[in-house]
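Next come the chains, spelled out residue by residue.
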Amino acid sequence: MKHRVAKVFISMLPQNGISRIAGSLGRTKMSKWYVKPYAKMYDINLSEIEKPIQDYKHLTEFFSRKLKINARPIDNSADSIISPVDGVVSQFGRIQKGTIIQAKGIDYSVHSLLGEAKEDFEEGSFVTIYLSPKDYHRIHMPLDGKITSSTYIPGRLFPVNDIGVNHVKGLFTKNERLVTYADTKAGEIAIVKVGAFIVGSVQVAYCEPYKRARKKVLKTEHPSERYKKGEEIGHFEFGSTVILIFQNGKMELDPSVKAGSAVKMGQRIGKIKAR
């Protein structure tokens, strides 16, 4: 009952406006004083962050912090597919008749998620990874590949925590998102970065600083951007969700991948299936 009431309350809020204000406040010099309390509240491992905590200029810089070199070992097996982020696997499995599971009793279409028809994904597979406020927020390539295009899709900013996922039908198709397509040894893949309540923005490495297109879909071609497995391709400013989409028969999930299990960037989550 509490979750349903919270869902109604969140739905009534001016989510995008509040999120823009929060993003601006997170970049103020005053927010620097909240960095240490934030790190303590979420029990963030300070031994692995790139620089001393007192050197972060504001809260948003700390949210999108980098890590020390080799803090996240990359599984470099030739056939491995790695987690692109730190987080918790919320759902995974086959895409059946174009339908992806969001939560128990709730699903959505891959067409709606991507904002376009992609027949090769209709019977493919997916992995949904939730990034909480405590997690490392940078996004990396799950395997070697060439980024070919991206699609920005405007939308709401519902929270992607349990309240949102379990009570907002088609949540990931309603929220603002940025879809990155790449050609890889596992065929074409889609890396979907989903915005959320209070998320300031998503920045990507393969083009100019990402800015919201507000009310229109924005498609961009990237014909010559190659990245190695584990190489950074972007970051969230605050936590959110990443959904990986694979074509039918191109990848096999690792037995270690379970709903509710924590993963680290660089950890093996699947393998490329032989063609």
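Residues numbered from 1 in each chain as written. Predicted model: local features only at pLDDT ≥ 70, side-chain atom pairs only at ≥ 80, totals over all residues. Heavy atoms only, no water.

An unreviewed UniProt entry lists the protein chain under the name Phosphatidylserine decarboxylase proenzyme, with Fictibacillus marinisediminis as the source organism. Looking at the Catalytic activity (unreviewed entry) heading of the UniProt record, one finds this comment for the protein chain: "a 1,2-diacyl-sn-glycero-3-phospho-L-serine + H(+) = a 1,2-diacyl-sn-glycero-3-phosphoethanolamine + CO2". Under the UniProt heading Sequence similarities (unreviewed entry), the entry covering the protein chain gives this text: "Belongs to the phosphatidylserine decarboxylase family. PSD-B subfamily. Prokaryotic type I sub-subfamily." (UniProt positions renumbered as here; feature names shortened; annotations may be inferred.)

> Which residues make up the pattern of salt bridges, and what values go with them?
In total, this model carries 9 salt bridges according to the counting rule given. In this structure, Lys-51 and Glu-61 form a salt bridge, with 2.7 Å as the shortest nitrogen-oxygen distance. Placement of Lys-51 in the loop between helix 3 (35-41) and helix 4 (59-63) and of Glu-61 in helix 4 is noted, with a sequence separation of 10 residues between them. Notably, a salt bridge pairs Asp-86 with Lys-264, separated by 3.9 Å at the nearest N-O pair. Of this pair, Asp-86 sits in the loop between strand 1 (80-82) and strand 2 (87-94) while Lys-264 sits in the loop between strand 15 (262-263) and strand 16 (268-272), placing them 178 residues apart in sequence. Residue classification places Asp-86 among the buried residues on the basis of a relative accessible area of 2%. (Salt bridge = Lys/Arg side-chain N within 4 Å of Asp/Glu carboxyl O. Helix = DSSP H or I, 4+ residues; strand = E, 2+ residues; numbered from the N terminus. Buried < 20%, exposed > 50% of the residue type's maximum accessible area, 1.4 Å probe, protein only.)

> Can you explain the pairing of strand 12 (residues 232-236)? Please cite residues and give values.
Within strand 12, 4 of the 5 residues are buried, which leaves it mostly tucked inside the rest of the structure. As paired strands, strand 6 (residues 138-140) and strand 12 are joined by 3 bridges and run antiparallel to one another. Across the sheet, residue His-140 finds its bridge partner in strand 12, namely Glu-232. (Pairing = 2+ DSSP bridges.)

> Requested: an account of the UniProt feature "modified residue: Pyruvic acid (Ser)" (unreviewed entry) in the protein chain, with residues and values cited.
Within the UniProt annotation, "modified residue: Pyruvic acid (Ser)" (unreviewed entry) is assigned to Ser-240. Its place among the elements puts Ser-240 in the loop between strand 12 and strand 13 (241-246). With a relative accessible area of 0%, Ser-240 lands in the buried category.

> Would you mind going over the side chain of Arg-177 in detail, with residue names and values included?
Locating Arg-177 in the fold gives a position in strand 8 (residues 177-184). It turns out Arg-177 is buried and unbridged, and the closest side chain with the opposite charge, Glu-176, is 9.1 Å from it. Not counting residues up to four positions away in its chain, the partners in contact with Arg-177 are Ser-112, Leu-113, Thr-151, Tyr-152, Ile-153, Phe-172, Val-192, Lys-193, Val-194 and Gly-195. (Lys, Arg positive; Asp, Glu negative; His and termini not counted. Contact = heavy atoms within 4.5 Å.)

> Would you mind going over the packing of aromatic side chains in detail, with residue names and values included?
Per the counting criterion, the structure on display carries 5 aromatic pairs. Measuring from ring centre to ring centre gives 4.6 Å for Tyr-38 and Phe-63, while their planes differ by 80°; the resulting arrangement is edge-to-face. Separated by 25 residues along the polypeptide, Tyr-38 in helix 3 and Phe-63 in helix 4 bring together distant segments of the chain. Here Tyr-38 matches Phe-63 in class, with each residue buried. Arranged with centres 5.9 Å apart and planes meeting at 75°, the rings of Tyr-108 and Phe-172 form a pair that is edge-to-face. With Tyr-108 in strand 4 (residues 106-109) and Phe-172 in helix 7 (residues 171-174), this residue pair connects regions lying 64 residues apart in the sequence. Members of the aromatic cluster, each reached through a chain of ring pairs, are Tyr-38, Tyr-42, Tyr-56, Phe-62 and Phe-63. (Phe/Tyr/Trp six-rings, centres within 6.5 Å; stacked < 30°, edge-to-face > 60°.)

> So what's going on with the environment of Tyr-56? Which residues, and what values?
Summarising the element assignment, Tyr-56 is placed in the loop between helix 3 and helix 4. Residue classification places Tyr-56 among the buried residues on the basis of a relative accessible area of 2%. Note: C-alpha distance between Tyr-56 and Lys-29 (27 residues apart in sequence) is 9.9 Å. Once you skip the residues sitting within four places of it in the chain, Tyr-56 turns out to touch Lys-32, Ile-49, Glu-50, Lys-51, Glu-61, Phe-62, Arg-65 and Lys-66.

> Describe unusual backbone geometry, naming the residues involved and giving the relevant values.
One non-glycine residue, Asp-43, lies in the positive phi region at around 50°. Relative to the helices and strands, Asp-43 is located in the loop between helix 3 and helix 4. Residue Asn-70 is not a glycine yet carries a positive backbone phi of 75°. Position of Asn-70 among the secondary structure elements: in the loop between helix 4 and strand 1. Relative accessible area serves as the criterion here: at 68%, Asn-70 is assigned to the exposed category.

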